[in-house]
Amino acid sequence: LRPARLSAMTFETVQLPEHADEIAPDGSDVRHLAHTSVVEMAHFRLAPGRISSATRHRTISEVWFVLSGRGSIWRADGAGNESVVDLFPGVSVSIPVGVSFQFRSDGPGDLDILGAEAPPWPGMDEAVLVDGPWTATD
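Owing to the predicted nature of the structure, the values given are computational and were not obtained by experimental measurement.

### Structural notes on the sheet that holds strand β13 (residues 127-129)
- Taken in spatial order, the 5 strands make up an open sheet running β9-β8-β11-β6-β13, and their pairing is antiparallel. Two strands lie at the open edges of the sheet, namely β9 (82-87) and β13, each paired on one side alone. Strand-to-strand twist across the sheet, computed as the mean angle between neighbouring axes with direction ignored, equals 25°.
- Where strand β6 (residues 55-57) and β13 come together, 3 bridges link them in antiparallel fashion. Bridge pairing links Thr-55 to Leu-129 in β13.

Here it is, written out as structure tokens:
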């Protein structure tokens, strides 16, 4: 279910939905925001104490900006480059196509992230589950 969108010609205006539109393959709540043919924005939320499933995207790159909450993200490119960085309000991270990643919410509140995806999310087959450093929560 996509949120109600107000549009005029090629313009799109979307208000942040109150409830998640869907659950991402990594287990985070997703709220769809405005998009064009080349980029899409989304709001991701991970509740306190939750750990996403580790995934890798087949065709898209993402850039995240942390709005609220605290946590960590692990990223690995498969060529020996791997890191874990803290997530907190004001931090922005990139997730290039093909990079494995996993994130966690350390609380006390929700970890809220604004994300841009290019190209737009093609569907649930985009994400491939991989091994990550943490055990995902259900």
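### Some details on the sheet that holds strand β3 (residues 22-23)
- Strands sit in the order β3-β4-β5-β12-β7-β10 across an open sheet of 6 strands; the sheet is antiparallel. Each edge of the open sheet carries a strand with a single partner, namely β3 and β10 (92-95).

### Comments concerning the packing of aromatic side chains
- A complete count under the given rule lists 3 aromatic pairs for this structure.
- A ring pair is formed by Phe-44 and Trp-64, whose centres lie 5.8 Å apart and whose planes are at 40°; its orientation type is tilted. Remark: Trp-64 occurs in strand β7 (residues 61-68) and Phe-44 occurs in strand β5 (residues 40-46); sequence separation between them is 20 residues.
- Taken together, a centroid distance of 4.8 Å and an interplanar angle of 75° make the contact between Trp-64 and Phe-103 edge-to-face. Separated by 39 residues along the polypeptide, Trp-64 in strand β7 and Phe-103 in strand β11 (residues 100-105) bring together distant segments of the chain. Both residues of the pair, Trp-64 and Phe-103, count as buried.
- Put simply, the rings of Phe-44, Trp-64, Phe-101 and Phe-103 touch in pairs and so form one group of aromatic residues.
- One Lys or Arg, Arg-104, reaches over the ring of Trp-134 and ends 5.0 Å from the middle of that ring.

Criteria and cut-off values
Residues numbered from 1 in each chain as written. Predicted model: local features only at pLDDT ≥ 70, side-chain atom pairs only at ≥ 80, totals over all residues. Heavy atoms only, no water. Pairing = 2+ DSSP bridges. Helix = DSSP H or I, 4+ residues; strand = E, 2+ residues; numbered from the N terminus. Axes fitted to C-alpha atoms, helices over the stretch in contact; angles between N-to-C directions. Phe/Tyr/Trp six-rings, centres within 6.5 Å; stacked < 30°, edge-to-face > 60°. Buried < 20%, exposed > 50% of the residue type's maximum accessible area, 1.4 Å probe, protein only. Lys NZ or Arg CZ within 6 Å of the ring centre and 35° of its normal.

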